[in-house]
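Each chain is listed here by its residues.
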Amino acid sequence: GTALGALLPSRRFWATPLLLVLNAAVWAAMAASGVSATDPSGHDLVRWGSNVSNLTLHGQPWRLLTSVFVHAGMAHMLLNAFSLWLLGVLLEARVGAVRLLAVYLGSGVAGSLATLWYHQDGINSVGASGAIFGLYGFFLALLLSKKIALDKFDRRAMLGLVIYLVMSNLIAGISGNVDNAAHLGGLLMGALVAGPLALAGLMPNAE
């Protein structure tokens, strides 16, 4: 059916399913190795590639990327997976799988760097939220530049939805144990990537 089709890869929709599988596979592998499926310890997260200041900055820069695929339990992974799926369905067929993948990975690394910069006293950070906020920033820039072909009312509704999701996540981040530095770093990176692509005419309108 249609719901299943929204998850299955196709010629025009493979980056989102690939990223969803990678996120779920890392969580499942952690759980299979004996790490708590719902509440992994800080030590376990470090072993699996978290962004931890005194390691990332001292010889292990790969943690800027690996931390994007590590999550602090099933709820954290599922929440990010749902956001990724929603954005993937809205964006991937319109902008292309390679662009979506590049924005996701680039924004994830940018979010990790923003986290290190903001938390000068040290941080042990995981999760895809910087990458997801990059997709939000990318989508907002494309909507505002009218590079996605929608009628006026659909554009307003889509803008309202994306702004609501961004603001609700940022507000939740102020009150909870959430890394808003990664959110803002990713958001900025996504918007910065979209701008030049749109201006250079490298971003197609929807078919």
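This is a predicted model, so every value here is computed, not measured.

Colleague: Please explain the overall build of the chain as it appears in this structure.
Modeller: Scanning the chain from N- to C-terminus turns up ten helices and two strands. Out of the 207 residues belonging to the chain, those deemed buried represent 45%. When the accessible surface of the chain is split by element, carbon and sulfur atoms take 69% of a total near 10400 Å².

Colleague: So what exactly am I meant to see when it comes to the pattern of salt bridges here?
Modeller: Between side chains of opposite charge, pairing is possible as soon as their charged atoms come close. Enumeration according to the criterion identifies one salt bridge in this entry. A salt bridge links Arg 47 to Asp 44; its shortest N-O distance comes to 3.1 Å. Of this pair, Arg 47 and Asp 44 both sit in helix 3 (residues 42-47), three residues apart, roughly one helical turn. The exposure class assigned to Arg 47 is exposed, which follows from its relative accessible area of 52%.

Colleague: What should I look at first to understand the nonpolar core in this one?
Modeller: Soluble globular proteins tend to bury their nonpolar side chains together. Counting 37 residues, the largest nonpolar core has Leu 91, Tyr 104, Leu 135, Tyr 136 and Phe 139 as the members making the most contacts within it. Listed by contribution, the elements that provide at least two residues to this core are helix 2 (15-32), helix 6 (74-95), helix 7 (97-118), helix 8 (129-144) and helix 9 (152-175). With ten residues, helix 8 is the single largest residue contributor to this core. Not counting the four nearest positions on each side in its chain, Tyr 136 is found in contact with Ser 83, Leu 87, Val 162, Leu 165, Val 166, Asn 169 and Leu 187. Counting five residues, the second-largest nonpolar core is a separate cluster that includes Met 30, Val 35, Leu 45 and Val 126.

Colleague: What should I look at first to understand the side chain of Glu 92 in this one?
Modeller: Within the secondary structure layout, Glu 92 lies in helix 6. Among buried charged residues, Glu 92 stands out as having no salt bridge; its nearest opposite-charge side chain is Arg 12, 8.7 Å away. A distance of 2.7 Å separates the side chain of Glu 92 from the backbone nitrogen of Trp 14, its partner in a polar contact. There is a polar contact of 2.6 Å between the side chain of Glu 92 and the side chain of Thr 16. Beyond its immediate sequence surroundings of up to four residues, Glu 92 is in contact with Arg 12, Phe 13, Trp 14, Ala 15, Thr 16, Pro 17, Leu 87, Ala 97 and Leu 100.

Each value, and the rule that gives it
- In this convention, every chain numbers its residues from 1, walking through the sequence in written order.
- The model is predicted, so local features are restricted to residues of pLDDT at least 70 and side-chain atom pairs to those at 80 or more, both for listing and for counting; the totals for chains, interfaces and linings are taken over all residues.
- Calculated side-chain values reflect all of the structure's heavy atoms, with hydrogen atoms and water omitted.
- Helix numbers and strand numbers start at the N terminus; a helix is a DSSP run of H or I with at least 4 residues, a strand a run of E with at least 2.
- We call a residue buried when its accessible area falls under 20% of the maximum for its residue type, exposed when it is over 50%, and partly exposed in between, using a 1.4 Å probe and counting protein chains only.
- Only the protein chains shown count as cover for residues, and all accessible areas are computed by the Shrake-Rupley method using a 1.4 Å probe.
- Whenever a carboxyl oxygen of Asp or Glu lies within 4 Å of a side-chain nitrogen of Lys or Arg, that contact is scored as a salt bridge.
- Residue types Ala, Val, Leu, Ile, Met, Phe, Trp, Tyr and Cys, when buried and joined through side-chain atoms within 4.5 Å, form a set referred to as a nonpolar core.
- Contacts are residue-level and defined by heavy atoms, with any inter-residue pair within 4.5 Å sufficient.
- Here Asp and Glu are counted as negative and Lys and Arg as positive; His is not counted, and neither are the chain ends.
- In protein, a polar contact requires one atom able to donate a hydrogen and another able to accept it; more generally it is a pair of N or O atoms within 3.5 Å, and residues adjacent in sequence count only if both atoms are side-chain atoms.

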